[in-house]
Amino acid sequence: MTELERAIEAVLFAAEAPLTLAELARHVGDSGDLPNALRSLAESYAPRGINIVGRGGRWGFQTAPDLAHHLRQGREAVKKLSRAAVETLSVIAYHEPVTRPEIEEIRGVAVSPGTLDVLMEAGWVRPAGRRETPGRPLQYATTPGFLAHFNLASRRDLPGLADLKAAGLLDREPPRELPLPLGGREE
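Student: Please explain the nonpolar core as it appears in this structure.
Tutor: Among soluble globular proteins, nonpolar side chains are generally buried collectively. Judged by nonpolar contacts, the single largest core of 17 residues is most densely connected at Leu 89, Ile 92, Ile 103, Leu 119, Trp 124, Val 125 and Phe 146. Those elements giving two or more residues to this core turn out to be helix 4 (83-95), helix 6 (113-121) and helix 7 (144-149). Examining the composition of this core, we find that five residues originate from one element, helix 4, more than from any other. In terms of nonpolar packing, the next biggest core, distinct from the first, is built from 16 residues, Leu 12, Leu 19, Ala 25 and Ile 52 among them.

Student: Please explain the packing of helix 4 against helix 5 (residues 100-107) as it appears in this structure.
Tutor: In a packed pair of helices, the relevant descriptors are the angle between the two axes and the axis-to-axis distance. The contact between helix 4 and helix 5 brings their axes to 10 Å, and the two run at 115°. Taken as axis vectors, helix 4 and helix 5 run roughly perpendicular relative to one another. By crossing handedness, the relation of helix 4 to helix 5 is classed as right-handed. On helix 5, the residues touching Ala 84, Glu 87, Thr 88, Val 91, Ile 92 and His 95 of helix 4 are Ile 103, Ile 106 and Arg 107. Of the residues in the contact of helix 4 with helix 5, the class split is five nonpolar, two polar and two charged.

Student: Looking at this structure, I do not really get the sheet that holds strand 1 (residues 19-20). What am I missing?
Tutor: Sheet strands line up and pair through hydrogen bonds in the backbone, either parallel or antiparallel. Taken in spatial order, the three strands line up as 1-3-2 in an open sheet, and their pairing is antiparallel. Bordering the open sheet on either side are strand 1 and strand 2 (50-55), each of which pairs with just one other strand. In this sheet, strand 3 (residues 58-63) lies alongside strand 2 in antiparallel orientation, the contact comprising six bridges. Bridging from a neighbouring strand, Ile 52 pairs with Phe 61 of strand 3.

Student: What is the right way to read the confidence of the model for the protein from this model?
Tutor: Close inspection of predicted coordinates is inappropriate for parts of the model with low pLDDT. Looking at the protein, the pLDDT average stands at 83 and 86% of residues meet or exceed 70. Contacts from residues 183-187, a stretch scored under 50 in pLDDT, to residues over four places away or in other chains number three contacts.

Definitions and cut-offs
Residues numbered from 1 in each chain as written. Predicted model: local features only at pLDDT ≥ 70, side-chain atom pairs only at ≥ 80, totals over all residues. Heavy atoms only, no water. Core = buried A, V, L, I, M, F, W, Y, C linked by side-chain atoms within 4.5 Å. Buried < 20%, exposed > 50% of the residue type's maximum accessible area, 1.4 Å probe, protein only. Helix = DSSP H or I, 4+ residues; strand = E, 2+ residues; numbered from the N terminus. Axes fitted to C-alpha atoms, helices over the stretch in contact; angles between N-to-C directions. Parallel < 35°, antiparallel > 145°, perpendicular 65-115°, else oblique. Left-handed = near helix turned anticlockwise from the far one by under 90°. Contact = heavy atoms within 4.5 Å. Nonpolar A, V, L, I, M, F, W, Y, C, P; charged D, E, K, R; others polar. Pairing = 2+ DSSP bridges. pLDDT = per-residue confidence, 0-100.

Okay, here's the thing in structure tokens:
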């Protein structure tokens, strides 16, 4: 292990939250190839109970995904999201930054203010400024907490259309045709 890797390891271990490359460089200096040192550390931690992971441009320690079940015993029960909240979260994740009217247009129904509040309280959605259009509507985007919860390095890791079809999530049975009115012809 190089001195740079040891310094990175110490800084990440002591950090309260994941750090960007710029924040790491402020602590350890620009004395080496920081991205390669991080990759090397991540590879050396891969078989361990804790891993070094990069998500949304930030690096930090995380429990190995296959051991997370050991830590869930002490957590309080998480409320299940409503279908509206899941749909809204999906729209925000795939289309961010997105405004409430855009979410409503995509979903085809109005978005309850409580739905966005639940997603913001969960730490998965944040206000992302205002759109420079008449009325200056508020835009929404996902957070690093969203990426961490769903174990994604970036939004590019979200499943694509082919993945969703392969999982059977988009193959719904088409609606049946309604019988014609009593005269036997369309009106």
